[in-house]
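Here is how the chains run, residue by residue.
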Amino acid sequence: MKTSLLCLVAALQVVALPATASEWAVDPAKSAIRFSGVQVGAPFTGRFERFDAKIDFDAAKPEAGHATVLIDLASARTGDVQRDEALPQKDWFDAKAASQARFEAAHFVDKGHGDYEAVGTLTIRGTSRPLTLPFHLSVEQGQAHAVGRVGLIRTEFGVGQGVWATGQWVALDVGVDVDLVATSASAATKAGGG
């Protein structure tokens, strides 16, 4: 009887595993995607005010996860009026032709101690390149907090045309900081009584 009970408990735990996987709903009010660069020798920072992220991640099987992050390029804000007006234009993000940047993570890699890598592809202005985003993840009571940073060369994505295609006025190196707070779908369902 005792053995049967143990087998039943073990079977139920296995059946319950997929439900813990995975889907995470990002809270835009608590999250941010920021960028930084240097213009005429002076550092500047900015953020994208509108983005959407769909994340499927299970710490027990990170290699099976995936994520899609869509960023509204016209929502870039740096606090400088002239720069903010220029960024969506054809020389920079060309937001009329391709309104969104897209990062698609095909899988995650566990690096240990809460550190992971999202391995995928970044597309900006119709140009796609492989990208690995390192991030640190902490999960507490059904809420996840992921913080990561990656460096890009803007001209590899066609960002900065004409006189802006060299680093003379605006540095080619750009930093992107990701700070996402998300709730697991299963925790949200329980909280909502579903």
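Colleague: What exactly am I supposed to notice about the pairing of strand E2 (residues 32–39) here?
Modeller: The side chains of a regular strand alternate between both faces of the sheet. Pairing of E2 with strand E11 (residues 173–184), which is carried by five bridges, proceeds in the antiparallel orientation. When the sheet's bridge partners are listed, Ser 36 is paired in E11 with Gly 175. Looking at chain direction, E2 and strand E3 (residues 42–48) are connected through six bridges and run antiparallel. The partner of Ser 36 across the bridge, within E3, is Thr 45. The loop that links E2 with its antiparallel partner E3 comprises two residues; one of these, Val 40, has a positive phi angle of about 50 degrees.

Colleague: When you look at the packing of aromatic side chains in this model, what are you seeing that I'm missing?
Modeller: Summed over all chains, the structure comprises seven aromatic pairs. Ring centres of Phe 57 and Phe 108 lie 5.0 Å apart, and the angle between their planes is 85 degrees; this geometry places the pair in the edge-to-face category. Taken as a pair, Phe 57 in the loop between strand E4 (51–56) and strand E5 (66–72) and Phe 108 in strand E7 (residues 100–112) lie far apart in primary sequence, 51 residues in all. A ring pair is formed by Phe 108 and Phe 135, whose centres lie 6.0 Å apart and whose planes are at 85 degrees; its orientation type is edge-to-face. Taken together, the residues Phe 108 in strand E7 and Phe 135 in strand E9 (residues 127–140) connect sequence positions 27 residues apart. Like Phe 108, the residue Phe 135 is buried in the burial classification. In textbook terms, an aromatic cluster arises when at least three aromatic residues are bridged by ring pairs, as seen for Phe 57, Phe 108, Tyr 116 and Phe 135. Taking NZ or CZ as reference, Arg 83 lies 4.1 Å from the ring centre of Phe 44, over its face.

Colleague: Sorry if this is basic, but what is going on with the pattern of salt bridges here?
Modeller: Opposite charge on two side chains makes pairing possible when the charged atoms of those side chains draw close. Taken as a whole and assessed by the stated rule, the structure comprises five salt bridges. Between Arg 50 and Asp 72 there is a salt bridge, and its shortest N-O distance comes to 2.8 Å. Taken as a pair, Arg 50 in the loop between E3 and E4 and Asp 72 in strand E5 lie far apart in primary sequence, 22 residues in all. Classification of Arg 50 as partly exposed rests on a relative accessible area of 41%. One salt bridge connects Lys 54 with Asp 52, and the closest N-O pair in it is separated by 3.5 Å. Judged by relative accessible area, Lys 54 falls into the exposed class, the value being 57%. Given a relative accessible area of 39%, Asp 52 falls into the partly exposed group.

Cut-offs used in this document
- Residues numbered from 1 in each chain as written.
- Predicted model: local features only at pLDDT ≥ 70, side-chain atom pairs only at ≥ 80, totals over all residues.
- Heavy atoms only, no water.
- Pairing = 2+ DSSP bridges.
- Helix = DSSP H or I, 4+ residues; strand = E, 2+ residues; numbered from the N terminus.
- Phe/Tyr/Trp six-rings, centres within 6.5 Å; stacked < 30°, edge-to-face > 60°.
- Buried < 20%, exposed > 50% of the residue type's maximum accessible area, 1.4 Å probe, protein only.
- Lys NZ or Arg CZ within 6 Å of the ring centre and 35° of its normal.
- Salt bridge = Lys/Arg side-chain N within 4 Å of Asp/Glu carboxyl O.

Purely spatial values, then, with no claim about function.
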